[in-house]
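This is what each chain is made of:
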Amino acid sequence: METIDLTALRNFSRRTGQPTHPELLDARPLTHVNKIEIDEEHITLEFDEKTTRFYNLNEITKREWIYKYNDDPEFVKAIGHVIELARKHLKELPENVACPPGCAECCSGYEPFVSREDVTRIAKHLGMSYAEVMREYIVERPSADGYHVGWVRKVTDDVADKCVFLMGPRSGRYYCGIYEARPHDCGEFTPIGCDDVDESLPRKASWKIGAPFRPNRRRASKRR
Ligand code: SF4
Ligand code: SF4
């Protein structure tokens, strides 16, 4: 039996500052997975999420559900392969990965999801109400589990267009106009795998940026 302890990975990440957190490796389905156990026949995933299910008249609340995929050897093999690749990837990660200042290429095309918490934080940051931020800057599309309420708008309806909060088109040195309050999705975004990253830039360097994003009150009132 082989066990991958994701908590240890997270601790490693915290200690070294290397983006080894499973979520940062774009392994989104691993959110809330505490442990994965693999043997020749089973893959057992342990979730740490509190869930409630209704089975007929019973209400079953558990913090941990264990799923076993023990009747599909192909699936077990495939997952084993993915984990092997992830481990290899982890070892091969460059020690230092930084985005060139002013790049922000990924703020076009990428649509960060937002939760209620994100919208509340952005509203406070911009001095607006929750409803105003939703109306002005969010494409409302609640996720099935109700966690996300939508995603950040683009400047136009073109999905490849720039994020409404992206600043710096004149200078060509782009930056996030709501950096301190940016969505969790943006903060967690990893540049791993992006061809534009620079491995020689100093870690934790700070770069000069322009003015922060300010809501366009006139446009906002016109929309009402
Ligand atoms: S992840 Fe890539 S595209 Fe995005 S800012 Fe970094 S280098 Fe640029
Ligand atoms: S909110 Fe900021 S970091 Fe996120 S996509 Fe928009 S400009 Fe980029």
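You'll find the structure just up there.
About the thresholds
Residues numbered from 1 in each chain as written. Chains lettered and ligands numbered in written order. Predicted model: local features only at pLDDT ≥ 70, side-chain atom pairs only at ≥ 80, totals over all residues. Heavy atoms only, no water. Helix = DSSP H or I, 4+ residues; strand = E, 2+ residues; numbered from the N terminus. Near = heavy atom within 4 Å. Nonpolar A, V, L, I, M, F, W, Y, C, P; charged D, E, K, R; others polar. Pairing = 2+ DSSP bridges. Axes fitted to C-alpha atoms, helices over the stretch in contact; angles between N-to-C directions. Contact = heavy atoms within 4.5 Å. Phe/Tyr/Trp six-rings, centres within 6.5 Å; stacked < 30°, edge-to-face > 60°. Buried < 20%, exposed > 50% of the residue type's maximum accessible area, 1.4 Å probe, protein only.

### Looking at unusual backbone geometry
Then step 1. Despite not being glycine, A104 has its phi angle at roughly 50 degrees, a positive value.
Then step 2. Along the polypeptide, A104 turns up in the loop between α2 (73-92) and β7 (113-115).

### Re the site of ligand 2
Then step 1. Neighbouring ligand 2 are the residues C107, P112, C163, F165, L166, C176, P183 and C186.
Then step 2. Taken together, the residues of the shell around ligand 2 break down into eight nonpolar, no polar and no charged.

### Considering the sheet that holds β7
Then step 1. Read across the sheet, three strands follow the order β7-β9-β8 without closing on themselves; strand pairing throughout is antiparallel. With one partner strand each, in any of the chains shown, β7 and β8 (138-140) form the two edges of the open sheet. On average, adjacent strands in this sheet sit at an angle of 45 degrees to one another, irrespective of strand direction.
Then step 2. Taken strand by strand, helix α3 (residues 116-126) contacts β7, β8 and β9 (148-152), and its axis lies near 85 degrees from that of β7.
Then step 3. Against the sheet, helix α4 (residues 130-137) touches β8 and β9, its axis set at about 90 degrees to β8.

### Brief notes about the packing of aromatic side chains
Then step 1. Following the criterion strictly, the structure yields five aromatic pairs and no others.
Then step 2. Ring centres of Y137 and F213 lie 5.5 Å apart, and the angle between their planes is 85 degrees; this geometry places the pair in the edge-to-face category. In this pair, Y137 sits in helix α4 while F213 sits in the loop between α5 (184-187) and α6 (217-223), placing the two residues 76 residues apart along the sequence. By the burial criterion, Y137 is buried, and F213 matches it.
Then step 3. By the ring-pair criterion, three or more aromatic residues cluster together here, those being Y137, F165 and F213.

### A word on the environment of P215
Then step 1. On the secondary structure map, P215 appears in the loop between α5 and α6.
Then step 2. Its relative accessible area of 18% is what places P215 among the buried residues.
Then step 3. The spacing of P215 and G127 is 88 residues in sequence and 8.9 Å in space, taken between C-alpha atoms.
Then step 4. Those residues within four positions of P215 in sequence are excluded, and the remaining contacts are L126, M128 and Y137.

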